[in-house]
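Inside the fold
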Amino acid sequence: MKVVAYSIKKFEKEFLAKANQKRHDITLISNPLSLETAVYAEGKDAVLVFVNDDLSAPVIHKLADLGIKYICTRSSGTDHIDAEAAALRNMKIANVPNYSPQAIAEQAVTLAMALSRKIVPTANSSRQFDFRIDQHLGFNFYGKTVGLLGLGYIGTAAASIFKGLGCRILGFDKLSTRIPGVKQVDLDTLLQESDIISLHLPLTEETHHLINQQSIAKMKNGVMLINTSRGAIIHSTDLLPALHSGKIGYLGLDVYEFEKNLFFADHSADTQKDPILSELLSLPNVIVSPHQAFLTNEALQEIANQAIQNLDNWQVNKCNGSACACSKSCRPKPQSNSEISWP
């Protein structure tokens, strides 16, 4: 199968080559997919894309006109793909539904622990040879209540880690999946009782801006909020008032609502910077990492392996099963305990 892979980083090439074993003719380019760069797909059968690529309806139609039949995204989320437009052009879509959930879960816990022990300001002070400790008072996780929104593979992995720290775990998910050590509650109970809230949800119409002024108001004063799922699950403009008032005491983000055309590139020299993100980054109780929870050797190899497997299946006219991300009318039922646990 002839494929063009967009938004390829240097660190991905080795993993893709190892997974592919020269089975498919893959052209690797660093450019993100857009109306302008879609031309590179001419003469190919499939595109291999990432979350920052533009797969809106106009781009989908241009790809179809160029002969593209398949879209494979190197991510679990598919909210960047207009599935209905693809269905109109008989284009199949596949994702990577379950790759190293531990990588994402560990990033969530890393952000939480770094915030709780003020690791970033402590490290910055130490670099200046300022070894005072008065301003770095933290708290134990043992005995705290952690609320997990979403109990798919990643939420389950996060539950295991937090449980190991001695936390009480609450969970909320549309699917009533039984997980040892997790008490499933309604959303309001989770918001009201949790000291730490970690988001592990796909972005859908239902979860869009799920965390907003109203839901934040139900949380404990000084709550810690962690998001390693999708940026638009949080209404970003509601974060700053909550941080300034102390309602949100700690904020850890690996994703950001307006990260498109921002994350994955160096913008240090930009004269105009995102005002919300700029203010968030100025606060000592906020940590932002640039959508890098997937960035481990193990996760990258699993992503590459599953992406190539998707191409293998299409080449022999086989459905990709749980990796199928076509429009709802033609996709198979999701597997149990999937991260796609919100219809």
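Refer to the structure above for everything that follows.
A separate point is the overall build of the protein. The helix and strand inventory of the protein stands at eleven helices and twelve strands. Projected onto its principal axes, the C-alpha positions of the protein cover 65 × 50 × 35 Å. Across the 343 residues in the protein, those meeting the buried criterion constitute 51%. In the structure as shown, the protein presents an accessible area of about 16,400 Å², 52% of it carried by carbon and sulfur atoms. Across the protein, the mean location of the 33 positive side-chain charges is 5 Å away from that of the 34 negative side-chain charges.

Across the sheet, which stays open at both edges, the five strands sit in the order β2-β1-β3-β4-β5 with parallel pairing between neighbours. Each edge of the sheet is formed by a strand with only one pairing partner; in this case those strands are β2 (25-28) and β5 (92-94). Going across the sheet, the axis of each strand differs from the next one's by a mean of 20°, ignoring polarity. As paired strands, strand β4 (residues 70-73) and β5 are joined by three bridges and run parallel to one another. Residue Ile 71 lies in a different strand from β5, and its bridge partner there is Ile 93. This element, helix α11 (residues 297-315), spans β1 (2-5), β2, β3 (46-49), β4 and β5 of the sheet and lies at about 160° to β4.

In this section: the packing of aromatic side chains. Applying the stated criterion across every chain yields a total of eight aromatic pairs. When the ring of Phe 141 is compared with that of Phe 162, the centres are 6.3 Å apart and the planes differ by 25°; the resulting orientation is stacked. Here Phe 162 lies in helix α6 (residues 153-164) and Phe 141 lies in the loop between α5 (119-127) and β6 (145-149), a separation of 21 residues in the sequence. Across this residue pair, the class does not change: Phe 141 and Phe 162 are buried. Every member of this aromatic cluster is reached through a ring pair, and the members are Phe 139, Phe 141, Phe 162 and Tyr 250.

A word on the nonpolar core. One finds Leu 148, Phe 162, Ile 169, Met 224, Ile 226 and Leu 311 to be the most contacted residues of the largest nonpolar core, which totals 55 residues. Top element by residues in this core is helix α4 (residues 101-116). It accounts for nine residues. Setting aside its immediate chain neighbours within four residues, Leu 148 contacts Gly 155, Ala 158, Ala 159, Phe 162, Ile 169, Leu 170, Gly 171, Phe 172, Leu 190, Ser 198 and His 200. Formed by 31 residues, the second largest nonpolar core is a distinct cluster that contains Val 185, Leu 225, Leu 240 and Leu 251.

Attention now moves to the pairing of strand β11 (residues 248-253). Of all six residues making up β11, six are buried, and the element is well covered by its neighbours. In this structure, strand β10 (residues 223-227) lies alongside β11, joined through five bridges in parallel fashion. Residue Leu 225 lies in a different strand from β11, and its bridge partner there is Leu 251. Viewed along the sheet, the connection from β10 through helix α9 (residues 239-245) into β11 turns out right-handed. Both β11 and strand β12 (residues 286-288) contribute to a ladder of three bridges, which runs parallel. Each bridged residue has a counterpart across the sheet, and for Leu 253 the counterpart in β12 is Val 288. The parallel pair β11 and β12 is bridged by helix α10 (residues 275-281), and the resulting crossover is right-handed.

The next thing to look at is the sheet that holds strand β9 (residues 196-199). The strand order across the open sheet formed by seven strands is β8-β7-β6-β9-β10-β11-β12, and the pairing between neighbours is parallel. In this open sheet, the two edge strands, each paired with only one partner strand, are β8 (182-184) and β12. Averaged over all neighbouring strand pairs, the angle between strand axes comes to 20°, with direction disregarded. Its contacts with the sheet place α4 against β9, β10, β11 and β12, and it is angled at close to 145° to β10. Along the sheet face, α6 touches β6, β7 (168-172) and β8 and points at about 175° away from the line of β6.

Scoring rules and cut-offs
- Residues numbered from 1 in each chain as written.
- Predicted model: local features only at pLDDT ≥ 70, side-chain atom pairs only at ≥ 80, totals over all residues.
- Heavy atoms only, no water.
- Helix = DSSP H or I, 4+ residues; strand = E, 2+ residues; numbered from the N terminus.
- Buried < 20%, exposed > 50% of the residue type's maximum accessible area, 1.4 Å probe, protein only.
- Areas by Shrake-Rupley, 256 points an atom, 1.4 Å probe, with all protein chains shown as cover.
- Lys, Arg positive; Asp, Glu negative; His and termini not counted.
- Charge placed at Lys NZ, Arg CZ, Asp CG, Glu CD.
- Pairing = 2+ DSSP bridges.
- Axes fitted to C-alpha atoms, helices over the stretch in contact; angles between N-to-C directions.
- Contact = heavy atoms within 4.5 Å.
- Phe/Tyr/Trp six-rings, centres within 6.5 Å; stacked < 30°, edge-to-face > 60°.
- Core = buried A, V, L, I, M, F, W, Y, C linked by side-chain atoms within 4.5 Å.
- Right-handed = clockwise from strand over helix to strand, strands pointing away.

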